[in-house]
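# Fold and contact review
One letter stands for each residue in the lines below.
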Amino acid sequence: MGSDTEAEKSIQKEKKKVISLAPIAKPLAGKKLQKRTFKLIQKAAGKKCLKRGVKEVVKSIRRGQKGICVIAGNISPIDVITHVPILCEEAGIPYIYVPSKEDLAQAGATKRPTCCVLVMLKPAKGELSAEDLQKLKSDYEQVADDVKELSSSVI
C-alpha cells in the first residue's frame, strides 16, 4: 500500500478527535477560541494560576474560587466529568469544552492527559506582579467574554 503524506495523517488525526467527542461537549470551542484558550492556559501555568484535574477543580469551585473552567471533550467514561458543568453553572463560572485532553495537558505544562483545568487570576501561593497580573487579566477577560458569548448562543 502507499504511504500517507503528512497532510493526510494530520487530517486523519483531526477526524479521530472529532469522532471521539462526548455528546455533552457543548459549548465546544472553535479553532480560534481554542487557540486563545490554550495560550491563556500556558500563561496561567507559568504563573501558577492553574488547577489541574477533576479533583482539584471541584475542590476549588466548592471553596468559592473563581476562574474559567476548560473541560476536555474526549473523556471516557463521560461520568468522570458530568458533574463539573453543573458545579460551574451554580457557582457562576464560565466553562468551555475543547476537543482533546492531550492538547489540554500540553497547554497546562503536564505530560499526563488532563480532564479539566481551572484558570484563576490569583496564584495558589504568593502574589503576581502588577505587570504580570495585567497581562494575564487582559487575556483572561478576552477568553471569558468569548466563552460567555458562545455559551449564551448554545442556550
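Here, every reference points to the structure presented above.
The text that follows walks through the structure, step by step, so that each part is easy to find. Keep in mind that what you see is a predicted model, and the values were worked out from it rather than measured.

## Section: the sheet that holds strand 4 (residues 116–119)
Here we have four strands laid out as an open sheet, ordered 1-4-2-3, and mixed in their pairing. Two strands bound the open sheet, and with one partner strand each, they are strand 1 (50–52) and strand 3 (95–98). With direction set aside, neighbouring strand axes in the sheet form an average angle of 20°. Where strand 2 (residues 68–72) and strand 3 come together, four bridges link them in parallel fashion. Residue pairing across strands places Ile-71 opposite Tyr-97, the latter belonging to strand 3.

## Considerations on the pairing of strand 4
Residues Cys-116 and Leu-118 point to one face of strand 4 and Val-117 and Val-119 to the other, with burial holding for every one of them. As judged from the three bridges shared by strand 1 and strand 4, these two strands associate in the antiparallel manner. Bridge pairing in strand 4 links Lys-51 to Leu-118. Bridge count for strand 2 against strand 4 is four bridges, and the pairing is antiparallel.

## Let's talk about helix 4 (residues 84–91)
Buried within helix 4 we find Val-84, Pro-85, Leu-87 and Cys-88. On an axial view of helix 4, the arc spanned by its buried residues comes to 160°, and they lie on one face. Turned more than 90 degrees away from the buried face of helix 4 sit Ile-86, Glu-89 and Glu-90, all of them exposed. Of the surrounding secondary structure, the elements contacted by the buried residues of helix 4 are helix 3 (54–62), strand 2 and strand 3. Positive phi shows up at Gly-92, right after helix 4, with a value of about 75°.

Reading the values: rules and limits
Residues numbered from 1 in each chain as written. Predicted model: local features only at pLDDT ≥ 70, side-chain atom pairs only at ≥ 80, totals over all residues. Heavy atoms only, no water. Pairing = 2+ DSSP bridges. Helix = DSSP H or I, 4+ residues; strand = E, 2+ residues; numbered from the N terminus. Axes fitted to C-alpha atoms, helices over the stretch in contact; angles between N-to-C directions. Buried < 20%, exposed > 50% of the residue type's maximum accessible area, 1.4 Å probe, protein only. Arc of directions from axis to C-beta. Contact = heavy atoms within 4.5 Å.

The values are spatial; any link to function lies outside them.
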